[in-house]
Amino acid sequence: MPLRGYAAEAVNIGALYPTTGSMAQIGVGCVAAAKLAADMINEAGGIKSLGGAKLNLIISDVQSDTTVTRTETDRLITSNKLSAIHGCFASALTLIASEVCERAHVPIITGSSSDQLNKGRSYTFTPFARASQFAKAQLQMSKLVSDKPKVAVIFENTAFGTSTSNGLKELAPGEGVEIVMFEPYSAGFTDASPLINKVKASGANALFSVSYLNDLILIVRTVKQVGLNVAINGGSGGFVIPDFYKNVGKLAEGLQGVAHWNHDMDDNSQKVNAEYKKRTGDFLFEYAGGLVAQTYMLADALERAGSADPQKVRDALSALDVSSGFAAMAPGGKVKFGPDGKNIYGRPLGVQWQNGDLASVFPKEDARAPLMKS
Amino acid sequence: MLETVIQAVINGLLIGGIYALVSIGVTLIFGVVKIVNFAQGEFVMIGMYISFFLATQFGVDPLLSLFVSMPLLFVIGVLVQHFLIRRVLGPNDMPQIFLTFALSLLLLNLALMLFSANYRTVHTFYSDEALHINGLYIPVAKLIAFVVAMALSGALWVFLHTTDLGKAMRAAAQNPDVAVLMGINPNRVFAVAFGAALALAGAAGSLLMPFYSAYPFVGQVFVLMAFVAVVLGTLGNVIGALVASLMMGVAESLGIQFVGADSGLIVVFAMLLLTLAFKPNGLGGGRMR
């Protein structure tokens, strides 16, 4: 026990999230979760090997912008003595931040899914499923709905939509899934009817929509209006946040998606979820929940490193091997990093909107509720 | 095949009705006051937020909130004309362009500050319903929006052609100097024109609310189409803007159906370029109607 009255020096953790701009909706939730996680660790006595040192969260707004992300990451590292960083939720931003961290030799832990984050980096740690794994899971889920899935893939025609949909297209033959329509569209359309008209004509029985929130809302509503009987998989990101249900309402029921974290995984996840709900009123969504686990992984590394030095924290992170506690809140319940910084046990979850909440339904060993058939 | 074409035309006409409300507002202001209102889309956005808040706070159906958004935006229009636009009218276009553009930026950022960038939708009992006829479907919310939009456009046309004030407006549009000589007060006419144009934008906002999300940038989506329609249908020509808007809706829909889902606008702009090449004054032939 550290002596009472002796305040151990706090450990600085940088948190890079977009709390303004187009990605603010999710970014704000991330910050709330980051604070919750730090509070939980601090209230439980902080980092014991450092004399009960508290985690001191230094939050920075990266404004949903790649240029700002670069300067903010730089500024955060040079003007503070950081032990580690977490961020930025959007892969496009995290790729930049992790580059800066790499050069400054500060470890960064992230839930971003881009496979590129695992290439040529030794200070980047990704405890959750990768984008390529998500695509595979989505394809496998289409087989839950039909023995002979005929999938229509529609995607917004910028980097996000194109890369995700190309991943789906490449993996489809291997999974025995037929893609009957593969169509880019320009985001921010005024009317989804012509697009859904096309889906109808394609004879698809499953629809993968790689879309931003607003387009997805229109697509879901239009599918209902057309009376088209098609199983929709909305992927992750904006699809698995409480705001989606608030906007779409009952129509969201039964829609499927994929996530790297869900609040029904285990007792610990449910505990954190309850606490987050108390603070914000919403359930703990994918990225924010994963972020709580990430903070505990950092705490575990700090504990073992017995030092706030970023290099030592990095080394301790690379030796992380947990299978219980809050740090192990991940699908499968185990985290251990490979040489590329990827969790060797990492896998995605298939989720479904059920009664205004997200339930894990896939794969079998991670399912917490039966799949609802529409 | 035929069914798909008819369905695409229906979809296009329905969304074209909304484009029409926005573009008629733009063309009315241009025809009468002789300025381009770059902020027209932001007034659609204000109309949407009015309907959104009336619906979520007081349970008012977005369609009924038309009776609030239209008068309110009419008043805003009169005030904007009186306190802002009136001061920059003159031979030089630059101050007018800067003024309405600045107004657009101001309203946009104000909305971002007050309402955040979140998408907001209102769910009514008819939002997701559709009429199904012979394999075709017509979404109820859009059908209502289309009918009301056409009715409002018709009402504006009747107003311009049968009332003294409407005739004065057209007179001021044709020749402001002679209109003044005939005893027409241009300031009054301009204020009413601006008010009416904004009321139409407000109507567009309320009509959109049952099936589209409100967010600060929403006006930009519609104003682009409105500007194309205004040019296509001849600047200042109300009927031209109406017809052009419907044509654009159909062209966009057919383009998405038969060219590609990211090519809808290509068809629209191809139509614009062809029209300008062969009829440089637009389809309306260059007259205010």
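Residues numbered from 1 in each chain as written. Chains lettered and ligands numbered in written order. Predicted model: local features only at pLDDT ≥ 70, side-chain atom pairs only at ≥ 80, totals over all residues.

1. Side note on the packing of helix α2 (residues 66–79) of chain A against helix α3 (residues 91–104) of chain A
Residues and elements named next belong to chain A. Note the threshold: Here the axes come from fitting lines to C-alpha atoms, over the contacting stretch only for helices, and the angles between their N-to-C directions go from 0 to 180 degrees. Segments assigned H or I by DSSP are reported as helices when at least four residues long, segments assigned E as strands when at least two residues long, and all are numbered from the N terminus. Orientation is classified from the angle alone, with under 35 degrees giving roughly parallel, over 145 giving roughly antiparallel, 65 to 115 giving roughly perpendicular, and any other angle giving oblique. Handedness of a helix crossing follows the sense of rotation of the near helix relative to the far helix, less than a right angle counterclockwise being left-handed and clockwise being right-handed. Throughout, a residue-residue contact means that the two C-beta atoms, derived from backbone geometry, are no farther apart than 7 Å. Charged means Asp, Glu, Lys or Arg here, nonpolar means Ala, Val, Leu, Ile, Met, Phe, Trp, Tyr, Cys or Pro, and polar covers whatever is left, Gly included.
Contact pair α2 / α3: the axes reach a minimum separation of 9 Å and the direction vectors enclose 30°. Judged by the inter-axis angle, α2 sits roughly parallel to α3. Handedness of the α2/α3 crossing: right-handed. Of the residues in α3, those touching α2 at Thr66, Thr69, Arg70, Thr73, Asp74 and Ile77 are Ala92, Leu93, Ile96, Ala97, Val100, Cys101 and Ala104. Residues that form the contact of α2 with α3 fall into these classes: eight nonpolar, three polar and two charged.

2. Structural notes on the nonpolar core
Convention followed: In this description, a nonpolar core means buried residues of the types Ala, Val, Leu, Ile, Met, Phe, Trp, Tyr and Cys, linked to one another by C-beta atoms lying within 7 Å. With C-beta atoms placed from the backbone, a residue is labelled by how many other C-beta atoms lie within 10 Å of its own: buried for 20 or more, exposed for 12 or fewer, partly exposed between the two.
In terms of nonpolar packing, the biggest core is built from 220 residues, with B:Ala193 and B:Phe194 touching the most fellow members. Ranked by residue count, the leading element in this core is helix α8 (residues 186–208) of chain B, at 16 residues.

3. Focus on the confidence of the model for chain B
Put simply, the rule reads: Looking at any residue, its pLDDT shows the predictor's confidence there, from 0 to 100.
Per-residue confidence for chain B gives a mean pLDDT of 91, with 98% of residues at or over 70. Model confidence for the complex: the whole-complex pTM is 0.81, and ipTM, which rates the interface, is 0.80.

4. As for the environment of A:Pro173
All names here are of chain A. Among the secondary structure elements, Pro173 is positioned in helix α5 (residues 159–175). The class of Pro173 is exposed, set by 11 C-beta atoms lying within 10 Å. Separated by 131 residues in sequence, Pro173 and Asn42 place their C-alpha atoms 49 Å apart.

5. A few points about unusual backbone geometry
Here the amide bond leading from A:Gly87 into A:Cys88 is cis, since omega sits at -10°, within 30 degrees of zero. Within the chain, A:Ser64 stands out as a residue other than glycine whose phi angle is a positive 55°. Its location among the elements puts A:Ser64 in the loop between β2 (55–61) and α2. Judged by local crowding, A:Ser64 falls into the buried class, with 23 C-beta atoms found within 10 Å. Backbone geometry at B:Asn134 places phi at a positive 50°, although glycine is not the residue there. Of note, B:Asn134 is situated in the loop between β1 (130–133) and β2 (136–139).

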